[in-house]
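Here is what each chain is made of, one letter per residue.
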Amino acid sequence: MTTHAITVEVNGVAFDRTVPPRLLLSDFLRHELHLTGTHVGCEHGVCGACTVQLNGQGVRSCLLFAVQVDGCAIKTVEGLANGDDLHPLQEAFSAAHALQCGFCTPGLLMTIDSMLDELAAMTEAEIREALSGNICRCTGYQGIIEAVQATLASHQQESR
């Protein structure tokens, strides 16, 4: 089997690995790097559970091969918190009861984190539309929207 050497930065740590050409980024993160916060749901890019940030942009890791991210910076949900200190978005999700089973939560967090500045200028309806690529079957989304709005309010106060 042919393999390819890649170098990728994940959550600020550089990794050099040799991978098969058809290894999905989601599988690379979960099985090679043991970062299991990235969940695999539909494997078609529809549900958003596998969303990570690639060079700051939210992407579906089930739609990318690991070889495609050679030389790139990846951020996973494990990279949100600062040690034991939760990211403000994680704190807001907890305070707003924005999760139930938690399966979709990592993808939602990574999507929202990559869009905080854009979301700040949006109405509630526009925020719902922006997050429509992340499917949650448990919450009804109200707590998620409240968590986003609380994070945005906090984010705007810190920017002043």
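Description of the structure in this document. (Residues numbered from 1 in each chain as written. Predicted model: local features only at pLDDT ≥ 70, side-chain atom pairs only at ≥ 80, totals over all residues. Heavy atoms only, no water.)

### Some details on the overall build of the chain
So, step 1. When you go through the chain residue by residue, the secondary structure sums to six helices and five strands.
So, step 2. Taken from N to C terminus, the helices and strands of the chain fall in the order β-β-α-β-β-β-α-α-α-α-α.
So, step 3. Dimensions along the principal axes, computed over C-alpha positions, put the chain at roughly 50 × 35 × 25 Å.
So, step 4. A burial count over the chain gives 44% of its 160 residues as buried.
So, step 5. Summarising the internal contacts of the chain: among those between residues at least 6 apart in sequence, 54% fall at separations of at least 24.
So, step 6. In the structure as shown, the chain presents an accessible area of about 8,300 Å², 49% of it carried by carbon and sulfur atoms.
So, step 7. Separation of charge centres in the chain, based on 8 positive and 18 negative side chains, amounts to 6 Å. (Helix = DSSP H or I, 4+ residues; strand = E, 2+ residues; numbered from the N terminus. Buried < 20%, exposed > 50% of the residue type's maximum accessible area, 1.4 Å probe, protein only. Contact = heavy atoms within 4.5 Å. Areas by Shrake-Rupley, 256 points an atom, 1.4 Å probe, with all protein chains shown as cover. Lys, Arg positive; Asp, Glu negative; His and termini not counted. Charge placed at Lys NZ, Arg CZ, Asp CG, Glu CD.)

### Brief notes about the sheet that holds strand 3 (residues 51–54)
So, step 1. With respect to topology, five strands assemble into an open sheet ordered 2-1-5-3-4, the strand pairing being mixed. Of all strands in the sheet, those bounded by a partner on one side alone are strand 2 (13–19) and strand 4 (57–60). The average angle at which neighbouring strand axes cross in this sheet is 40°, direction not considered.
So, step 2. Judged from the four bridges that link them, strand 3 and strand 4 form a sheet pairing that is antiparallel. The residue bridging T51 from the neighbouring strand is R60, located in strand 4.
So, step 3. Those strands touched by helix 3 (residues 105–114) are strand 3, strand 4 and strand 5 (73–75), and its axis lies near 35° from that of strand 3. (Pairing = 2+ DSSP bridges. Axes fitted to C-alpha atoms, helices over the stretch in contact; angles between N-to-C directions.)

### Re helix 2 (residues 88–95)
So, step 1. Looking at helix 2, one finds that the buried residues are L89, Q90, A92 and F93. In an axial view of helix 2, the angular spread of the buried residues amounts to 160°, which keeps them on one side of the axis.
So, step 2. One or two positions beyond helix 2, positive phi appears at H97, with a value near 50°. (Arc of directions from axis to C-beta.)

### Description of the packing of helix 2 against helix 3
So, step 1. Across the interface, helix 2 lies against helix 3 with an axial gap of 10 Å and an inter-helix angle of 130°. The angle between helix 2 and helix 3 falls in the class oblique. As for how helix 2 packs across helix 3, the hand of that crossing is right-handed. Between helix 2 and helix 3, the contacting residues are L89, Q90 and F93 on the first element and T105, L108, L109, I112 and D113 on the second.
So, step 2. A class-by-class count of the residues in the contact of helix 2 with helix 3 yields five nonpolar, two polar and one charged. (Parallel < 35°, antiparallel > 145°, perpendicular 65-115°, else oblique. Left-handed = near helix turned anticlockwise from the far one by under 90°. Nonpolar A, V, L, I, M, F, W, Y, C, P; charged D, E, K, R; others polar.)

### Some remarks on the nonpolar core
So, step 1. F93, I112, L119, I127, L131, I144 and V148 are the most contacted members of the largest nonpolar core, which totals 23 residues.
So, step 2. For this core, the element with the most residues is helix 6 (residues 142–159), which contributes five residues.
So, step 3. With residues up to four places along the chain from it excluded, the contact list for I112 reads L89, F93, L119, L131 and V148. (Core = buried A, V, L, I, M, F, W, Y, C linked by side-chain atoms within 4.5 Å.)

### Some words on the environment of A98
So, step 1. Position of A98 among the secondary structure elements: in the loop between helix 2 and helix 3.
So, step 2. Sequence spacing of A98 and V52 is 46 residues, and the spatial spacing of their C-alpha atoms is 19 Å.
So, step 3. In this structure A98 touches F93, T139, G143, I144 and A147, once residues within four positions along its chain are discounted.

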